[in-house]
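Residue-level structure breakdown
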Amino acid sequence: MKKRTLIYEKSSPGRKGYTLPACRMSEDEILGSIPAEFHRETDAELPEVTEGEAMRHFVALSVKNHHIDKGFYPLGSCTMKYNPKLNDVAAAMPGFASHHPMAPCSTAPGNLQLMWELSALLAEISGLPSVSLQPVAGAQGEFAGLLVMRACHLKRGEKRDRIIIPDSAHGTNPASVTSIGFTSVQIESNEHGVVAPEAVAAVMDENVAGMMLTNPNTLGIFETHVKEIAEIVHARGGLMYMDGANLNANMGIFRPGDVGFDIMHFNLHKTFSTPHGGGGPGGGALGVTAELDRFQPLPVLEKDSEGKLFFNYDRPDSIGRLHSFYGNFANMVRAHAYIRTLGGEGLRRASEIAVLNANYLKTLIREDYEVPYDGPCMHEFVASGSRQKKLGVRTLDISKRLLDFGVHSPTNYFPLIVPEALMIEPTETESKETLDDFAEIMKQIAREAQENPELVTSAPHTTPVRRLDEVTAARTLDVCYKGDE
Ligand SMILES: *Cc1c(COP(=O)(O)O)cnc(C)c1O
């Protein structure tokens, strides 16, 4: 028996944490109703524990891990903001949470109304009038958006298969391009960390289907030439895609649809308050121009002549269905609750504070860490551990040391154009005290790198487990509570 088993084993025969009502069928009747091949020969080996023990077990596990409800989580590009619990309460309301997805639409007019309203709210926020809520991740939104782009070109009778992507792009962009069978054409950002129109003009031709641009980009810098770039791309028949995963700096300030973007995805699980970080259900809503609406994934929520909402499957130009049912509905409820709670003014204020917090933190951090693109930033900025690396302390070590102070690591080694990158996004929900504390901790780690580098390179020292083999943990996932005996 492995040690792991001893840590996890709480079971004691006969203990129970539940009571079930008396069964109206006899054992023979039950067995008779199930095909023989599915009969068990031995009892399932389930842990036998009381409710209290089960509760303690899961709470103990939850505090061993890091999460946003426990501590600061400046994981750049992931927007790990505090998610108001009210939105979880709304998503758990029985009419939302218990409605069966196979039930006829006529039994859930309120749920359809919520989806209709959320689409309209996201359209207002983005300036793109048609919004599908179906994609369930940012990456799936990209995939869907590129399929829309392809469908549009094919409809025009053009076979284009290249997508321009800057070197600061999120890895999902080129991956999505490859997934639909297109090829990426990479261009370099300039010395200010933004894309210059000339760089786009140099590669734009009649084989290029469009361009994917993130704004603010992954350096946390606002792309200042979008209009010019969009003109270049449109003039030669291409379409503009905005990776809108990082919308947190834009709400109520910058609308992608107003400056020439034709397609974009939102990450409801970043900006719009769905808890994330463990790879749970996401929301990658897809916004497109009126012209591209005909290509949106099936089914499309529409109003009939009497104003009643229904799902339209009869759209011959659609790229088809991307997901079972209509996407992750609970995320839509949270996003709706979040947007309606804050209102337009509140969303704008959230973005303003997100930007203010990032700039404030950057001025504190740059005393001890290099910040290669040091102009004003948006919701995040990218520092570099290159100064510390010369002392034998890598960015990974700095991030592991942060765990000893109860802080999650920033995003490491991304974007690729910054060596030893530490991508830091504080979000609007953190107080000045939290930001000051974090800057103090970063200062202390910089000092340790000089005086006692071994302390940093051997961190973490206080966590339940030390440095893990993350690749093996992800590739050979073992979720059985008994481990392998
Ligand atoms: C998070 C993110 C994505 C991908 O979103 P997923 O939901 O993780 O698939 C894409 N682009 C950018 C810029 C992101 O930050």
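Residues numbered from 1 in each chain as written. Predicted model: local features only at pLDDT ≥ 70, side-chain atom pairs only at ≥ 80, totals over all residues. Heavy atoms only, no water.

1. What to know about the nonpolar core
Ranked by size, the top nonpolar core spans 49 residues in total, and within it Leu122, Val200, Met211, Phe266 and Phe272 carry the most contacts. Counting only elements with at least two residues in this core, the list comes to helix 4 (85–92), helix 6 (109–126), strand 4 (208–214), helix 10 (226–235), strand 5 (239–244), strand 6 (263–266), strand 9 (309–312) and helix 12 (329–365). With nine residues, helix 12 is the single largest residue contributor to this core. Dropping the residues within four chain positions of it, leucine 122 is found in contact with Val131, Leu133, Phe266, Leu268, Phe272, Ala285 and Ile339. Grouped together as the second largest cluster of nonpolar side chains are 24 residues, Ala358, Ala383, Ala446 and Val456 included. (Core = buried A, V, L, I, M, F, W, Y, C linked by side-chain atoms within 4.5 Å. Buried < 20%, exposed > 50% of the residue type's maximum accessible area, 1.4 Å probe, protein only. Helix = DSSP H or I, 4+ residues; strand = E, 2+ residues; numbered from the N terminus. Contact = heavy atoms within 4.5 Å.)

2. Brief notes about the pattern of salt bridges
Under the defined criterion, the tally for this structure stands at 24 salt bridges. The partner of glutamate 53 in a salt bridge is arginine 15, with the nearest N and O atoms 3.3 Å apart. Pair noted here: glutamate 53 is in helix 3 (residues 51–64) and arginine 15 is in the loop between helix 1 (3–8) and helix 2 (27–32), with a separation of 38 residues, a long-range link. Among the residues examined, glutamate 53 registers a relative accessible area of 27% and is labelled partly exposed. (Salt bridge = Lys/Arg side-chain N within 4 Å of Asp/Glu carboxyl O.)

3. Concerning the site of the ligand
Residues in close proximity to the ligand total 14 residues, the closest being Ser77, Gly138, Asp243, His269 and Lys270. One of the side-chain nitrogen or oxygen atoms of lysine 270 is found 2.7 Å away from an oxygen atom of the ligand. Within the residue set of the shell around the ligand, elements represented by two or more residues are helix 7 (138–155) and helix 11 (268–271). Residue contributions to the shell around the ligand peak at three residues, all from helix 7. The residue makeup of the shell around the ligand, split by class, is three nonpolar, eight polar and three charged. (Near = heavy atom within 4 Å. Polar contact = N/O pair within 3.5 Å; in protein donor to acceptor, adjacent residues only side chain to side chain. Nonpolar A, V, L, I, M, F, W, Y, C, P; charged D, E, K, R; others polar.)

4. Details of helix 6
Since the α-helix turns once every 3.6 residues, residues separated by three or four places project in the same direction. Taking 1.5 Å per residue, 18 residues should reach 26 Å; helix 6 reaches 26 Å between its end C-alpha atoms and fits that length. Restricting attention to buried positions, one finds in helix 6 the residues Asn111, Leu112, Leu114, Met115, Leu118, Ser119, Leu122, Ala123, Ile125 and Ser126. Positioned one or two residues after helix 6, glycine 127 has a phi angle of 80 degrees, which is positive. (Expected span 1.5 Å × (residues − 1).)

5. Overview of the packing of helix 6 against helix 12
Look at helix 6 against helix 12: their axes get within 10 Å of each other, and the N-to-C directions meet at 45 degrees. With respect to helix 12, the axis of helix 6 lies oblique. Crossing geometry of helix 6 relative to helix 12 is assigned as left-handed. In this structure, helix 6 contributes Asn111, Leu114, Met115, Glu117, Leu118, Leu121, Leu122 and Ile125 to the contact, and helix 12 contributes Phe329, Met332, Val333, Ala335, His336, Ile339, Arg340 and Leu347. Split by residue class, the contact of helix 6 with helix 12 holds 12 nonpolar, two polar and two charged. (Axes fitted to C-alpha atoms, helices over the stretch in contact; angles between N-to-C directions. Parallel < 35°, antiparallel > 145°, perpendicular 65-115°, else oblique. Left-handed = near helix turned anticlockwise from the far one by under 90°.)

6. Observations regarding the environment of serine 384
Here serine 384 shows up in strand 10 (residues 381–384). Along the backbone, serine 384 and alanine 421 are 37 residues apart, and their C-alpha atoms lie at a distance of 4.6 Å. Aside from chain neighbours lying at most four places away, what touches serine 384 is Tyr369, Glu370, Pro372, Val418, Pro419, Glu420 and Leu422. Looking at serine 384, its side chain comes within polar contact range of the main-chain oxygen of proline 419, at 2.8 Å.

7. Re the pairing of strand 5
Burial within strand 5 is extensive, with six of its six residues counted as buried. Here strand 5 shows two buried faces, one formed by Leu239, Tyr241 and Asp243 and the other by Met240, Met242 and Gly244. By the bridge criterion, five bridges tie strand 4 to strand 5 in an arrangement that is parallel. By the bridge assignment for strand 5, glycine 210 is matched with leucine 239. Taken together, strand 4, helix 10 and strand 5 form a β-α-β motif whose crossover is right-handed. Both strand 5 and strand 6 contribute to a ladder of four bridges, which runs parallel. Its bridge partner lying in strand 6, tyrosine 241 is registered against isoleucine 263. (Pairing = 2+ DSSP bridges. Right-handed = clockwise from strand over helix to strand, strands pointing away.)

8. Description of the sheet that holds strand 10
One open sheet holds the three strands; their spatial order is 10-12-11, and the pairing between them is antiparallel. Edge strands, defined here as strands with exactly one partner in the open sheet, are strand 10 and strand 11 (411–412). Where strand 10 meets strand 12 (residues 421–424), four bridges bridge the pair, whose relative direction is antiparallel. Residue pairing across strands places serine 384 opposite alanine 421, the latter belonging to strand 12.

9. What about the side chain of serine 132?
Along the polypeptide, serine 132 turns up in strand 1 (residues 130–132). Here the side chain of serine 132 touches glutamine 134 through a polar contact of 3.2 Å, landing on its backbone nitrogen. Serine 132 has contacts with Ala285, Leu286, Gln296 and Pro297, leaving out every residue within four places of it along the chain.

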